[in-house]
Amino acid sequence: LADYTYAAPEASFPISQLGYAIGDKRLSDYGAWILQGTESEMRKAPSVKQNLLINNNSVAGVSYDPEAVTFQAKDVNINLSMMAASLEEFWKNYKALLYDLTKVGENSIYSELTEEEYLFYYKSARVSEFSPSGKKIWCDFSITITLTNFDLTPDLVLLCTEDGVFISTEDDFFINMEQLTF
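This one's a predicted model, so the numbers in the text were calculated from it and none came from an experiment.

A. Representation of the sheet that holds strand S9 (residues 137-147). Spatial ordering of the open sheet is given by S2-S1-S7-S8-S9-S6-S3, a layout of 7 strands whose pairing is antiparallel. Two strands close off the open sheet at either side, each with one partner strand: strand S2 (25-26) and strand S3 (32-34). Across the sheet, helix H2 (residues 87-101) touches strand S1 (20-22), S2, strand S6 (74-84), strand S7 (107-111), strand S8 (116-131) and S9, and the angle it forms with S8 is around 150°.

The structure is reproduced here in structure tokens:
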């Protein structure tokens, strides 16, 4: 994007999908829509950072601080497909997306499905399929971002799989284990 002058994206094909917004722009504004696998990547719980551990040779045992739980940053692959009516439109929208993703400092991505906002840094992009011929130009690609903030309330215990993917109902409500009675 050296010497790139930002031009706002203009998508020829309207996309109706609950998705993500980067800053004030939905991914559909760029002519992109979310592919399968993205939502489960976003919902995976991050790994917990090891808290303060004190090991003193003069005292037997180890002292561990369990109070402040913090989480590690995690990489997330967002799988996208982008469609445009012309190569000019495609490159305009693709460059605008990369520009918005790579802004200096932490950026924010908002999930319309979970109504959560995450801070992130752009890491990479990888194109898996590109078809520049015909009346519709399309490209399947993935972007990798590093999520940096996780505000999981300590009192909230949500049901998840062994892989760390949160389990939700058909209406996309998460299951709070503390509210269940057995």
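B. Layout of the pairing of S9. Counting buried positions along S9 gives 10 out of 11 residues, so the element sits mostly inside the fold. Across 10 bridges, S8 lies against S9 in antiparallel orientation. Bridged to serine 131 within S9 is tryptophan 138.

C. Examining the side chain of lysine 25 more closely. Within the fold, lysine 25 resides in strand S2. Polar contacts involving the side chain of lysine 25 include one to the side chain of tyrosine 6, which spans 3.2 Å. With sequence-adjacent residues up to four places away left out, lysine 25 is seen in contact with Tyr6, Pro9, Tyr20, Tyr30 and Asp100.

D. Examining the pattern of salt bridges more closely. Inspection of every chain in the model, using the stated rule, returns 6 salt bridges. A salt bridge links lysine 103 to aspartate 100, with the shortest nitrogen-to-oxygen separation between them at 3.7 Å. Relative accessible area serves as the criterion here: at 42%, lysine 103 is assigned to the partly exposed category. In this structure aspartate 100 comes out as buried when scored by relative accessible area, which is 4%.

Procedures and definitions
- Residues numbered from 1 in each chain as written.
- Predicted model: local features only at pLDDT ≥ 70, side-chain atom pairs only at ≥ 80, totals over all residues.
- Heavy atoms only, no water.
- Pairing = 2+ DSSP bridges.
- Helix = DSSP H or I, 4+ residues; strand = E, 2+ residues; numbered from the N terminus.
- Contact = heavy atoms within 4.5 Å.
- Axes fitted to C-alpha atoms, helices over the stretch in contact; angles between N-to-C directions.
- Buried < 20%, exposed > 50% of the residue type's maximum accessible area, 1.4 Å probe, protein only.
- Polar contact = N/O pair within 3.5 Å; in protein donor to acceptor, adjacent residues only side chain to side chain.
- Salt bridge = Lys/Arg side-chain N within 4 Å of Asp/Glu carboxyl O.

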